[in-house]
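One-letter residues, chain by chain:
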Amino acid sequence: MAVPRIVVVGAGVVGAAVAMRLAERGAAVTVVEASRPGAGASGGSFAWFNANEKLPRHYFELNLRGMREHRVLAGESGHADRSGATGAWYHPVGNLEYADADGAGELAARVRRLAEWGYRARMLGPDQAARLEPAVRTGHGRGGVAYFPDEGYLHGQALVEALLAR
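Residues numbered from 1 in each chain as written. Predicted model: local features only at pLDDT ≥ 70, side-chain atom pairs only at ≥ 80, totals over all residues. Heavy atoms only, no water.

Peer 1: How should I be thinking about the nonpolar core in this particular structure?
Peer 2: When a protein is soluble and globular, its nonpolar side chains tend to lie buried together. One finds Phe60, Trp89, Tyr119 and Phe148 to be the most contacted residues of the largest nonpolar core, which totals 25 residues. Mapped onto this core, the elements with two or more residues apiece are helix H1 (13-24), helix H3 (57-76), helix H4 (104-116), strand E7 (144-148) and helix H6 (156-165). (Core = buried A, V, L, I, M, F, W, Y, C linked by side-chain atoms within 4.5 Å. Buried < 20%, exposed > 50% of the residue type's maximum accessible area, 1.4 Å probe, protein only. Helix = DSSP H or I, 4+ residues; strand = E, 2+ residues; numbered from the N terminus.)

Peer 1: How should I be thinking about the packing of aromatic side chains in this particular structure?
Peer 2: How two aromatic rings sit relative to each other is set out by the distance from centre to centre and by the angle between their planes. Counted according to the given criterion, the structure contains 7 aromatic pairs. Taken together, a centroid distance of 4.8 Å and an interplanar angle of 55° make the contact between Phe60 and Trp117 tilted. Here Phe60 is found in helix H3, whereas its partner Trp117 is found in the loop between H4 and strand E6 (122-124), with 57 residues between them in sequence. Using a relative accessible area of 0% as the deciding quantity, one classes Phe60 as buried. Ring centres of Phe60 and Tyr119 lie 5.7 Å apart, and the angle between their planes is 70°; this geometry places the pair in the edge-to-face category. Here Tyr119 lies in the loop between H4 and E6 and Phe60 lies in helix H3, a separation of 59 residues in the sequence. With respect to class, Phe60 is no different from Tyr119; both count as buried. In textbook terms, an aromatic cluster arises when at least three aromatic residues are bridged by ring pairs, as seen for Phe60, Trp117, Tyr119 and Phe148. (Phe/Tyr/Trp six-rings, centres within 6.5 Å; stacked < 30°, edge-to-face > 60°.)

Structure below.
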């Protein structure tokens with residue numbers, strides 16, 4: 001059987017990931033990029049991964065699946081240990097979100113909804129938040145602080161390079 005020959009146009013995160021998976025399945029892949037790999041949005045954006053404020057539910061599920069797949073890819077690439085520690089491109093550092101007194105109820109409601117949907121999210125008291133991030137002052141209980149431990153960020157350029165190297 002002949003080896004499929006495939007051209008992938010664009011060497012951002014999506015193009016590099018598609019090329020990598022096709023090559024893993026035995027295709028001869030050529031990646032074409034107008035500039036340099038990762039030169040566009042993939043290398044120039046702050047790639048925060050989360051499903052925190054994603055509505056409706058199917059959009060939340062899509063983003064949650066993406067978060068899980070990044071963790072899997074990081075593990076496959078040797079960019080995460082068993083605890084999910086940071087690597088060259090994958091940084092599951094968590095997220096603290098503060099709301100003032102006017103927004104605290106809405107933040108707490110979102111945390112409850114997310115927890116019901118299986119997303120790790122919880123409200124913290126000021127002392128708990130200060131232990132996670134000592135430089136943050138939360139207004140001494142007048143607002144609310146939510147913690148989303150599975151969120152983090154990616155270095156897009158480093159991810160593109162890792163995908164193309166594989």
